[in-house]
Amino acid sequence: MELTERAIQAYAGQRRKMIEEQISGRGIKDLLVIEVLSRVPRHLFVNSSLQHRAYGDCPLPIGENQTISQPYIVALMTEVLQLKGGERVLEIGTGSGYQTAILAELASQVFTIERIKPLVQKTKELLEGLRYQNIVFKIFDGTYGWRDQSPFDVILVSAATPSIPTALIEQLADKGRLVAPVGERESQDLVVLNKNGDRVMKRKIGSCKFVPLIGKFAWSEEE
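Summarised in this report is the structure supplied together with it.

**With respect to the pairing of strand β8 (residues 188-196)**
Moving on, step 1. Judged from the seven bridges that link them, strand β7 (residues 172-183) and β8 form a sheet pairing that is antiparallel. In the strand pairing of β8, alanine 180 is matched with valine 191.
Moving on, step 2. As consecutive antiparallel partners, β7 and β8 are separated by four residues.
Moving on, step 3. Sheet topology places β8 next to strand β9 (residues 199-208); nine bridges connect them, and they run antiparallel. By the bridge assignment, glutamine 188 is partnered in β9 with cysteine 208.
Moving on, step 4. Adjacent in sequence and paired antiparallel, β8 and β9 are bridged by two residues, among which glycine 197 carries a positive phi angle near 65°.

Here it is in structure tokens:
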């Protein structure tokens, strides 16, 4: 995929407005997160017919019954992970690839799992077109994690789960952080988990609504 600089820089005004009103304006303070969101071209991660809405304060459909999360939620989940640049990150639910790109800008390496093959193919092509070289993709059930690449300093789950799969907690490094939407299918709490030796501390940081995490240790397709 050949991406021109003009295509990447399109909607710059809307991107600035998004930062002012939805990101800084709603309390996101991490300057690294703000800087990355100010330049990653979110409009390229949605269908062309929806690009004019890409910087609005809402999720958008990306096909396959999946969505791209609203910008504020992406910023909030990223901020609580406190990325400094050297982390190995596991992302459960590649989706559009927008959150993947944000993580790749802020961490050393991103391992991302998606169960829907057409999404992976489309997203991989886009992220390679944007010249990301620190992302590894896998088509798999994300509730198992990625054991042979563990432990991970950070894990981000971008779909709703009734509880945090045990495998993900086991694959989190000591002093590691995990963020996930946890709750019912129709509403969840964003939960941040910190691992310190054998101790696991959890706290809620707000309410949210994500598409369900489908897999062995989350929801089944029939539910």
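**What to know about the pattern of salt bridges**
Moving on, step 1. All chains considered together, the criterion is met by nine salt bridges.
Moving on, step 2. Note that arginine 39 and glutamate 35 form a salt bridge whose closest N and O atoms lie 2.6 Å from each other. With a gap of four residues between them, arginine 39 and glutamate 35 both fall in helix α3 (residues 31-39), about one helical turn apart.
Moving on, step 3. A residue is classified by how much of its surface remains accessible, and arginine 39, at 36% relative accessible area, is partly exposed.
Moving on, step 4. Between arginine 177 and glutamate 87 there is a salt bridge; the shortest N-O distance is 3.8 Å. Of this pair, arginine 177 sits in strand β7 while glutamate 87 sits in the loop between α4 (71-80) and β3 (88-92); the two residues are 90 residues apart in sequence, bridging distant segments of the chain. For the pair arginine 177 and glutamate 87, a shared accessibility class is recorded, and that class is buried.
Moving on, step 5. Beyond isolated ion pairs, a larger network of salt bridges with shared partners links Glu35, Arg39 and Glu105.

**Quick word on the packing of aromatic side chains**
Moving on, step 1. Throughout the structure, instances matching the rule amount to six aromatic pairs.
Moving on, step 2. With a centroid separation of 5.7 Å and 65° between ring planes, the pair formed by phenylalanine 111 and phenylalanine 152 is classed as edge-to-face. One end of the pair, phenylalanine 111, is in strand β4 (residues 109-114); the other, phenylalanine 152, is in strand β6 (residues 152-157), with 41 residues separating them in the sequence.
Moving on, step 3. Measuring from centroid to centroid gives 5.7 Å for phenylalanine 140 and tyrosine 144, while their planes differ by 45°, and the two rings are tilted.
Moving on, step 4. In this structure phenylalanine 140 comes out as partly exposed when scored by relative accessible area, which is 36%.
Moving on, step 5. In textbook terms, an aromatic cluster arises when at least three aromatic residues are bridged by ring pairs, as seen for Phe111, Trp146 and Phe152.
Moving on, step 6. Looking at lysine 138, its charged tip hangs above the ring of phenylalanine 140, at a distance of 4.6 Å from the centre.
Moving on, step 7. Directly above the ring of tryptophan 219 sits arginine 185, whose terminal nitrogen or CZ lies 5.5 Å from the centroid.

**Quick look at α4**
One turn of the α-helix equals 3.6 residues, which is why residues spaced by three or four share an orientation.
Moving on, step 1. Here α4 lies mainly inside the structure; ten of its ten residues are buried.
Moving on, step 2. Burial in α4 covers these residues: Pro71, Tyr72, Ile73, Val74, Ala75, Leu76, Met77, Thr78, Glu79 and Val80.
Moving on, step 3. Two residues or fewer after α4 comes glutamine 82, characterised by a positive phi angle close to 55°.

**Topic: the nonpolar core**
Moving on, step 1. Counting 55 residues, the largest nonpolar core has Leu37, Phe45 and Tyr98 as the members making the most contacts within it.
Moving on, step 2. Sort the elements by how many residues they give to this core and α4 lands first, with seven residues.
Moving on, step 3. Residues contacting phenylalanine 45, with those up to four places away along its chain left out, are Val40, Ile62, Ile68, Ser96, Gly97, Tyr98, Ala101, Leu126, Leu127 and Leu130.
Moving on, step 4. Core analysis: the next-biggest nonpolar cluster, separate from the first, contains 21 residues, Leu168, Ile169, Val191 and Leu193 among them.

**Looking at unusual backbone geometry**
The general pattern is negative phi for most residues beyond glycine and trans for most peptide bonds.
Moving on, step 1. Of note, the amide linkage connecting serine 150 to proline 151 takes the cis form, showing an omega dihedral of 5°.
Moving on, step 2. Mapping proline 151 onto the fold places it in the loop between β5 (135-139) and β6.
Moving on, step 3. The residue tyrosine 11 is not glycine, and still its phi comes out positive at about 65°.
Moving on, step 4. Inspection of the secondary structure puts tyrosine 11 in the loop between α1 (5-9) and α2 (12-23).
Moving on, step 5. The partly exposed category is assigned to tyrosine 11, whose relative accessible area is 28%.
Moving on, step 6. One non-glycine residue, glutamate 64, adopts positive backbone phi at about 60°.
Moving on, step 7. Turning to its location among the elements, glutamate 64 is positioned in the loop between β1 (60-63) and β2 (66-68).
Moving on, step 8. Note on glutamate 64: relative accessible area 44%, which makes it partly exposed.

What counts, and at which threshold
Residues numbered from 1 in each chain as written. Predicted model: local features only at pLDDT ≥ 70, side-chain atom pairs only at ≥ 80, totals over all residues. Heavy atoms only, no water. Pairing = 2+ DSSP bridges. Helix = DSSP H or I, 4+ residues; strand = E, 2+ residues; numbered from the N terminus. Salt bridge = Lys/Arg side-chain N within 4 Å of Asp/Glu carboxyl O. Buried < 20%, exposed > 50% of the residue type's maximum accessible area, 1.4 Å probe, protein only. Phe/Tyr/Trp six-rings, centres within 6.5 Å; stacked < 30°, edge-to-face > 60°. Lys NZ or Arg CZ within 6 Å of the ring centre and 35° of its normal. Core = buried A, V, L, I, M, F, W, Y, C linked by side-chain atoms within 4.5 Å. Contact = heavy atoms within 4.5 Å.

Everything listed is a geometric property; what it means functionally is a separate question.
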